[in-house]
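Residue-level listing of the chains:
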Amino acid sequence: MAGDDFTNVEESTVNDDGFIGLDDEDLAIIEQAEGDSNKVVTRTPQKPYQLGYISVFSIIINKMIGTGIFDNPSTIMHDTRSVGYTLIFWLLGSLATVAGTFVFIEYGLTIPRWEINGRKVFTPRSGGEFNYLNYLVKKPKFLASCMFGIAFILIGNASANALSFASHILAAAGKSRIYDDSPPADLANLARVIAIATMTGVCFLHGIWRKLGIAINNLFALFKILILLLIIILGFVSIGGTVFGTASPAADNFAPNRSFKNAQNKPYGFAQAYLSVVFAFGGFNQANYVLGEIREPRRVYKSATLLAVGTVCVLYMLANISYMIVVPADVQLQGNVVESFIHLTLGRVSNYGSTHASEILHAFMAVSSLGNVIVSTYTAARVKQEIAKEGVLPFSRLIARNYDALTRLSSLFHRRHSYAGANNKSGYPVDGPQVHHHEKTPLGALLVHWFFALLIILCTWGVRSPQTAYGIVFGIYSYTIDAFISVTIGVGLLYLRFWSSRTHWHLKSPTSSYLSISSASLFVIANLFPIVALLVPPGKDFKSGYPWWLVPVISLVLLVAGAVYWLVFTRVVPKFGGKRGMELKVERTPFFHEERGGELVQIAEVVAYDWVIKN
């Protein structure tokens, strides 16, 4: 369990060439553990293959910039019916996102902690909220692991974004009927097939070639930034009204006496608008999921995270201002804001832009959705691997291990296409590929990720509209993980601060007390609001393709299912068979090396599982 109770840890070494190293004694322990079926060994990628500034920045950018910035402006405008309130909500979303970022940075740079040579120190670890909940809730044993773990295993995948990508790519190809309330059956079925193929391809990519997956993720992040920069440039050059030959409505949209005129007077509309904004900013915590793979994490992680989140917040605000510069308020209320924006800018200089504005918009959204599938699959697999290391899942050892699938596949290909020759000690041809653990991937966790994503997509087959299915699946994940779990860790941080005499958090955390408390408070309020708002029945003017109570009810059922799983795992299983009267004991043995500045970083870990007689 993550916390302050790790002991008996020794430091490892660094090779002369600068690569992460293990001494002979460490290597002997690891080699022995690799031959023990009751143990799991994982190693950090070598330095040239760790995540640097660009990759960490890109992971957050690729996750945060989704379809929300293209689709939600219309939703928010329709819910508030006001330019002024729309921009205010986007600003509030930015502030809540920055607050949440500081909360995750504080957790990420404080726990887990180990006792090394008589002193307790922090070492970076992948897993995100899984680690923080285990730190906050140490008793009952395994309760936090099961409640978060089961929910994340079931819904912490990219199935929603895969469905979104399928719908948008079809719409971009001219199949606009996919967005009908009841689209043609063959089109709806095709969308599911595309979603399944997308999940399969992305999981295969990350499973066999880690480095290529990271490189593709970085390219998607760059492309998303360029799309938003294009929108911002098109908007701001339209202020004078001469570039695209149409008068800009900026004076009317931004006038204080007009921007709030005829605004929504029903609280539920504002609640829905805020929910749309909050969900559009999701993903700022993704670096915490892969923290153990980041190079010099204390230096790279914080700065890259803050830069990425700040970049998205600025781009979002400028993009929304650009929409308001170009699209009159009454036009925004009648249709899709971004589609109208494209029509009034690119459509004025190109016949294609004029007649295919909708297809261009859906192409942008397809890219955003596919990018989300790529990054979510990479990061979520690492969280599921950490959950498996806790031993609470069936086949935990298989899921927790890393596998060198690329080397095995390339070796097989080489053997089939090379002349017979001498083999080296590893069994590979002399001129064949060698095993490099930097390309090892959590293949078992990726298979779990793929299986449940596939299961969710298949379960939505009864929902005729893929877009409605996307809304349900995305809503369940957002309500459970982005909202409920975020409130829990936010309240937990406030507890650690206000009861510092008991927790000694002020001695552990590198964050100032004022910043910590203010960020956690705002973060809790921002995420508590959607939890409560979605439990209130909407008025007749607000309709969706599914019952209003569906998302919160399923989300709460998932959390309860985790608690029931814990009861079975800790109370029922030890009463039967060979585990009668026993309990699971998980022992972690980490290995560290010293970064510049004297900071310790974990480079390998041996996890041992054993059912022992209960005291």
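A brief report on the enclosed structure follows. (Residues numbered from 1 in each chain as written. Predicted model: local features only at pLDDT ≥ 70, side-chain atom pairs only at ≥ 80, totals over all residues. Heavy atoms only, no water.)

Before going further, it helps to examine the overall build of the protein chain. Along the backbone of the protein chain there are 27 helices and eight strands. For the protein chain, whose C-alpha radius of gyration is 25 Å, the value lies close to the compact-globule estimate of 25 Å for 615 residues. Dimensions of the protein chain, computed from the C-alpha atoms along their principal axes, are close to 75 × 70 × 50 Å. Every one of the 615 residues in the protein chain was classed for burial, and the buried ones make up 56%. Of the contacts formed within the protein chain by residues at least 6 apart in sequence, a portion of 79% connects residues at least 24 apart. With the model as given, the accessible surface of the protein chain reaches about 26000 Å², and the carbon-plus-sulfur share is 62%. The positive charge centre, built from 50 side chains, and the negative charge centre, built from 41, are 6 Å apart in the protein chain. (Helix = DSSP H or I, 4+ residues; strand = E, 2+ residues; numbered from the N terminus. Rg over C-alpha atoms; globule rule 2.2 N^0.38 Å. Buried < 20%, exposed > 50% of the residue type's maximum accessible area, 1.4 Å probe, protein only. Contact = heavy atoms within 4.5 Å. Areas by Shrake-Rupley, 256 points an atom, 1.4 Å probe, with all protein chains shown as cover. Lys, Arg positive; Asp, Glu negative; His and termini not counted. Charge placed at Lys NZ, Arg CZ, Asp CG, Glu CD.)

Interhelical geometry of helix α7 (residues 159-172) versus helix α19 (residues 357-389) gives an angle of 155° and a closest axis separation of 8 Å. Taken as axis vectors, α7 and α19 run roughly antiparallel relative to one another. In this structure, α7 crosses over α19, and the sense of that crossing is left-handed. Contact residues: Asn 161, Ala 162, Ser 164, Phe 165, His 168, Ile 169, Ala 171 and Ala 172 in α7; Glu 359, His 362, Ala 363, Met 365, Ala 366, Ser 369, Leu 370, Asn 372, Val 373 and Ser 376 in α19. In terms of residue class, the contact of α7 with α19 is made up of 10 nonpolar, seven polar and one charged. (Axes fitted to C-alpha atoms, helices over the stretch in contact; angles between N-to-C directions. Parallel < 35°, antiparallel > 145°, perpendicular 65-115°, else oblique. Left-handed = near helix turned anticlockwise from the far one by under 90°. Nonpolar A, V, L, I, M, F, W, Y, C, P; charged D, E, K, R; others polar.)

Summed over the entire model, instances satisfying the criterion amount to three cavities of 30 Å³ or more. Around the largest cavity, the lining is made up of 15 residues, and of these Val 278, Gly 282, Phe 284, Asp 482 and Asn 527 lie nearest the centre. Taken together, the elements giving at least two residues each to the lining of the largest cavity come down to α4 (83-108), α12 (267-280), α23 (466-498) and α26 (513-533). Split by residue class, the lining of the largest cavity holds seven nonpolar, seven polar and one charged. (1 Å grid on protein atoms, 1.4 Å probe; cavity = no way out; pocket = protein on both sides within 12 Å on 5 of 7 lines; lining within 4 Å. Points joined across faces, edges and corners; volume = space filled by probe spheres on them.)

Here we take up the packing of aromatic side chains. Under the counting rule described, the total for this entry stands at 28 aromatic pairs. Arranged with centres 4.9 Å apart and planes meeting at 80°, the rings of Tyr 85 and Phe 260 form a pair that is edge-to-face. Linking Tyr 85 in helix α4 with Phe 260 in the loop between α11 (256-259) and α12, this pair joins segments that are 175 residues apart in sequence. Given the relative accessible area of 34%, Phe 260 is considered partly exposed. Summarising the aromatic geometry, the rings of Phe 284 and Phe 523 are spaced 6.2 Å apart at their centres and angled 80° between planes, so their arrangement reads as edge-to-face. With Phe 284 in the loop between α12 and α13 (286-289) and Phe 523 in helix α26, this pair connects stretches of sequence that are 239 residues apart. Owing to a relative accessible area of 2%, Phe 523 belongs among the buried residues under this scheme. Feature note: the residues Phe 104, Tyr 107, Tyr 132, Tyr 135, Phe 284, Trp 505 and Phe 523 constitute an aromatic cluster, connected by ring pairs. The ring of Tyr 135 carries the charged tip of Lys 138 above its face, separated from the ring centre by 4.2 Å. In this arrangement the basic side chain of Arg 382 is found over the ring face of Tyr 378, its NZ or CZ atom lying 3.9 Å from the centre. (Phe/Tyr/Trp six-rings, centres within 6.5 Å; stacked < 30°, edge-to-face > 60°. Lys NZ or Arg CZ within 6 Å of the ring centre and 35° of its normal.)

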